[in-house]
Amino acid sequence: MKNTLPEIFCILLFLTTSCQQTTFQKPEWPVVARETKPWSRWWWHGSSVTKEGITAEMEAYKKAGLGGLEITPIYGVFGDEKNFVDYLSPQWMELFLHTLREAERLDMGIDMATGTGWPFGGPWVSDADACKAIEYKIYEVKAGESIKEKIEFIQQPFLRAVGNSIYEGKDPATAVMRVDPKKIDINRLSQPVHTNKNLQDLALDQVKFERSLTLRALRAYNETGEVVELMDKITDGKLNWTAPQGTWKVYAVFEGSHGKMVERAGPGGEGNVIDHFSSTALKNYLSRFDSAMAKEDIRSLRAFFNDSYEVDDARGAADWTPDLFAAFKEKQGYDLRDYIPNWLGKGSDTEMNERVLSDYRETVSELVLNNFTLPWKSWAHEKDAIIRNQAHGSPSNILDLYAAVDIPEIEGTESLRIKMASSAGNVTGKKLVSSESATWLDEHFQSNLGDVKGAVDLFFLNGVNHIFYHGTCYSPAEEPWPGRLFYAAVHLNPRNSLWPDFDALNMYVTRCQSLLQQSHPDNDVLLYFPIYDRFAVHSEEMIEHFDGIGKQFEGTSFRKGAETMHKQGYTFDFISDKQIGNLSWSNNRLFTEGKSQYKTLVIPHCRYIPVKTLEKISALAQEGATIIFYEGLPESFSGMDGSRNKEKFSAMVKGFSGNGEGGGVRNGKVIIMDNLREALSTAGVEPESMVRDSLQYIRKITDDHVIQYFISNTSSRSFDGWIMLKKHGHGAVLLDPMTSEIGKAHVKEYSDSTAVYVQLQPAQSVFINLYDDDVETDEFTYYRFTGDSVSFNGTWNISFTAGGPVLPEVVTTDSLCSWTKFKGEGYETFSGTAAYRIEFDKPVRQAESWLLDLGNVHESAEVSLNGKLLGKLIGPVYQLQIDPRSLLDKNTLVIKVSNLMANRIIDLDKRNVLWKKFYNINFPARKAENRVNGLFNASQWRPEESGLIGPVRLKALETKIME
């Protein structure tokens, strides 16, 4: 078994002949490219960077195995104000262009956020282009009465700033942190906001100035449904109208400002967030980039990036745009102003309220797609760049937003949330689906590289194949340790004590992505996303934001169906109404626009569904597709489609249920069941049984028709046994992305399935490639423990080789323990690397192979035997194999162990060293118990266990004979 990490990979080729007899070259790992390596978000605090610093950091990232970086400027560092560089200024562009040149030299990729912080916005965003909110008033009048008061709405002032972020005093050496949240008098702010001189200090998050709002609609409604237009009867705010017979309610709709400011903005990027519903606002926003980049060569920039929507991460919602009424009428075919009471949820007819609201929210959804996402994409393409987009949190069908971009990107730790982005990628045939990875993974300084690997594996298992770590901060070489840090990150930078072993994680990710990027989804089921049920639900806000299938879908057939399939081992993707419209039926399969194939379409029970969607489903069924209606047929058509669609809808529903003719199914199969597993079985879909053993997987297929499984052992127990695969194959190859080992697996072949023997440690992952024919390659060797082991009972020499705050003295010991327990100065506070050296005799007992088991390790290890590197281990299991032929009569084992940053951070906080020195949010804690004055503080922590704790043993292995 190979245990070294190869520096190069070879191309994996499988040659297929026209007569379907396949000749294989020996399987090897695919070639490495920029995109097969992991990338990282690269924060520029205050854009206070230098060309020399950029070069030094990029060279370190390249050496560690990163393939690219995404530049995101954010808030600055206290005391460094003189070095701030305004975003998109000539000086900033010079630094940016230097980065692009260095990336070309180092063969790295560069993306850039389309702004500082998030969302899109900045000082050049005028009030006219800023995000807006609906405000309204209702007046009641009776026959013969008129409204005496002025028709107006005075927007109340509101200000929210980030507290606990700034220090009192100008000298960082003597500054004292401000304990109380900042209290800023809005009346002392200049208008517009970007004209204030101290925006980094102010850290404004939302600002609404007091002002009289513009009236956008004024109509009267009586109890019989009569509507009277009143906008032409108002002069200087006074309504010249006397109510006719009946009781009337006059609705006045005003255009308010939402007030959202760019969050975590960098210098030169502070200001209003744009109106995402307005193409004019977007065009004006991007014009600033056009002017800054007009004469520059940015062709080596790969992509522009958009962080998650987060416009409404503030009080109220950005739910209005000046062209809303016109856009609504164009989309829906009727005037929203005729139904203002229903729109606002005030009408007496609840169903009418739901239908009008649904049409409004559908319109908003389309505006985000057509006035923001697609124009932004076209703009980037004109610059020979692509776009990466985080759609989650948008008031839209996020499946359509993910599908519209070049690289959909997700974040988080929930499988079904991740699948929203990967499903859109699968359905539309995207090569890459990316992830913001390991955000807030644990509390600061408490996550090791094995934890990051676990987070990465979760993304791989749910369809991601392009990892972006979250992330890496630029920090000048002269900056005192720990340098510049981001508030919600795992701090993967050269100052991290785990950095020496970061390349092992990156090589693992690279191997995984080299395979995952060369294969396509092989999923069985499409699950309809019934967003119109949510579009129709009135809530505290006029719009609803979509982000996976959280609480808003509790108790629904959709959520139950998704959770059932995920837990029971089915392969599936979500699909939207638009994407259903592009489905076709051929060769007994459903084909998406991206040429992915599926066996069936599941429609979970829903109250509302567009008639157009149901028509397409009916047509597919008539062509031969199998359609599953889970927990019942849809109840009604969405929105205000009218009586014609009501009749059409009823006919189709009767046809599906077998009680009518209009939408009758002729060639396909319609299954209406409450038991989803039984329904799927009837449709010829079966789950992979490995999930019962806590083995999670993703199944894909290559252009050469090789079935590819990526399998991860998510339990705390080892797995040693047969995995029954629902795909048939004659030969199988195991590929271990951590060790690089490749070998022919032991298989049992059945008529419609294949059993493959696999051995997996906890958290270990492996690829299984399944072929139609046999494969010519070395056999994968399976081992078993003979029961014999050799303990290391000699003297360990422990020297501290890198880290701080100081390097402790050398220790010799016959008994391993955490180095924090060593007597003397500097051991408890040390974060860094220690080299454990021991000499031992060759074991008397013979073994086919030896397993070196390091036992308990905190946190990562590099192992060398007799001067030869054996490998790096990042946990949670710390084992590797040793070829008996490499053992000498006298041997030297060296194990370099690196611990967490935590112990050194504890020391800084106990000594009140000023290292949390960042503007805006500064450095909050993830967990409440670690907050002091609102910020992270580790002064009460006990030292984290560190180093090689063992016991260290050699365990004798022998070949396992298969039955």
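Residues numbered from 1 in each chain as written. Predicted model: local features only at pLDDT ≥ 70, side-chain atom pairs only at ≥ 80, totals over all residues. Heavy atoms only, no water.

So what's going on with the overall build of the protein? Residues and values would help.
When helices and strands are counted, the protein shows 18 helices and 57 strands. For 963 residues, the compact-globule estimate of 2.2 N^0.38 gives 30 Å, and the protein sits close to it at 31 Å. For the C-alpha atoms alone, the extent of the protein along its principal axes is close to 110 × 80 × 50 Å. Every one of the 963 residues in the protein was classed for burial, and the buried ones make up 61%. Restricting to contacts in the protein with at least 6 residues of sequence separation, those with at least 24 account for 78%. If you sum the accessible surface of the protein, you get close to 38100 Å²; carbon and sulfur atoms cover 45% of it. For the protein, the separation between the mean place of its 105 positive charges and that of its 129 negative charges on side chains is 1 Å. (Helix = DSSP H or I, 4+ residues; strand = E, 2+ residues; numbered from the N terminus. Rg over C-alpha atoms; globule rule 2.2 N^0.38 Å. Buried < 20%, exposed > 50% of the residue type's maximum accessible area, 1.4 Å probe, protein only. Contact = heavy atoms within 4.5 Å. Areas by Shrake-Rupley, 256 points an atom, 1.4 Å probe, with all protein chains shown as cover. Lys, Arg positive; Asp, Glu negative; His and termini not counted. Charge placed at Lys NZ, Arg CZ, Asp CG, Glu CD.)

Outline the side chain of His392, supporting the account with residue identities and numerical values.
Within the fold, His392 resides in the loop between β21 (386-389) and α8 (398-404). By relative accessible area, His392 is classed as buried at 3%. Polar contacts involving the side chain of His392 include one to the side chain of Tyr402, which spans 2.9 Å. Looking at His392, its side chain comes within polar contact range of the side chain of Glu411, at 3.0 Å. Beyond its immediate chain neighbours, meaning those up to four positions away, His392 contacts Ser308, Tyr309, Ile398, Tyr402, Glu409, Ile410, Glu411, Arg417, Phe546 and Asp547. (Polar contact = N/O pair within 3.5 Å; in protein donor to acceptor, adjacent residues only side chain to side chain.)

Break down the sheet that holds strand β36 (residues 695-702) for me, with residues and values.
Overall, antiparallel pairing links the six strands, which are arranged β25-β36-β37-β43-β39-β40 in an open sheet. Each of the sheet's edge strands pairs with one partner strand only, and the pair in question is β25 (519-521) and β40 (742-744). Pairs of neighbouring strands in the sheet enclose a mean axial angle of 30°, with direction left out of account. Two strands pair when backbone bridges link them, and β25 and β36 are joined in this way by three bridges, in the antiparallel orientation. Note that in β36 the partner of Ser519 across the bridge is Thr702. Strands in contact with helix α10 (residues 449-461) are β36, β37 (707-713) and β43 (765-771); relative to β37, the strand with the most contacts, it is inclined by about 145°. (Pairing = 2+ DSSP bridges. Axes fitted to C-alpha atoms, helices over the stretch in contact; angles between N-to-C directions.)

I'd like to hear about the packing of aromatic side chains, residue by residue, with values.
Counted by the stated rule, this structure contains 65 aromatic pairs. Judged by centre distance (6.0 Å) and plane angle (15°), the rings of Phe445 and Phe923 are stacked. Within this pair, whereas Phe445 is found in the loop between β23 (434-437) and α10, its partner Phe923 is found in the loop between α18 (902-910) and β54 (931-932), the two being separated by 478 residues in sequence. Taken individually, Phe445 and Phe923 each receive the classification buried, so the pair is uniform in this respect. For the pair Phe572 and Phe574, a centre-to-centre distance of 5.7 Å together with 80° between the ring planes defines the contact as edge-to-face. For the pair formed by Phe572 and Phe574, the shared burial category is buried. Directly above the ring of Trp124 sits Arg288, whose terminal nitrogen or CZ lies 5.9 Å from the centroid. (Phe/Tyr/Trp six-rings, centres within 6.5 Å; stacked < 30°, edge-to-face > 60°. Lys NZ or Arg CZ within 6 Å of the ring centre and 35° of its normal.)

Any functional reading would require information beyond the geometric quantities listed.
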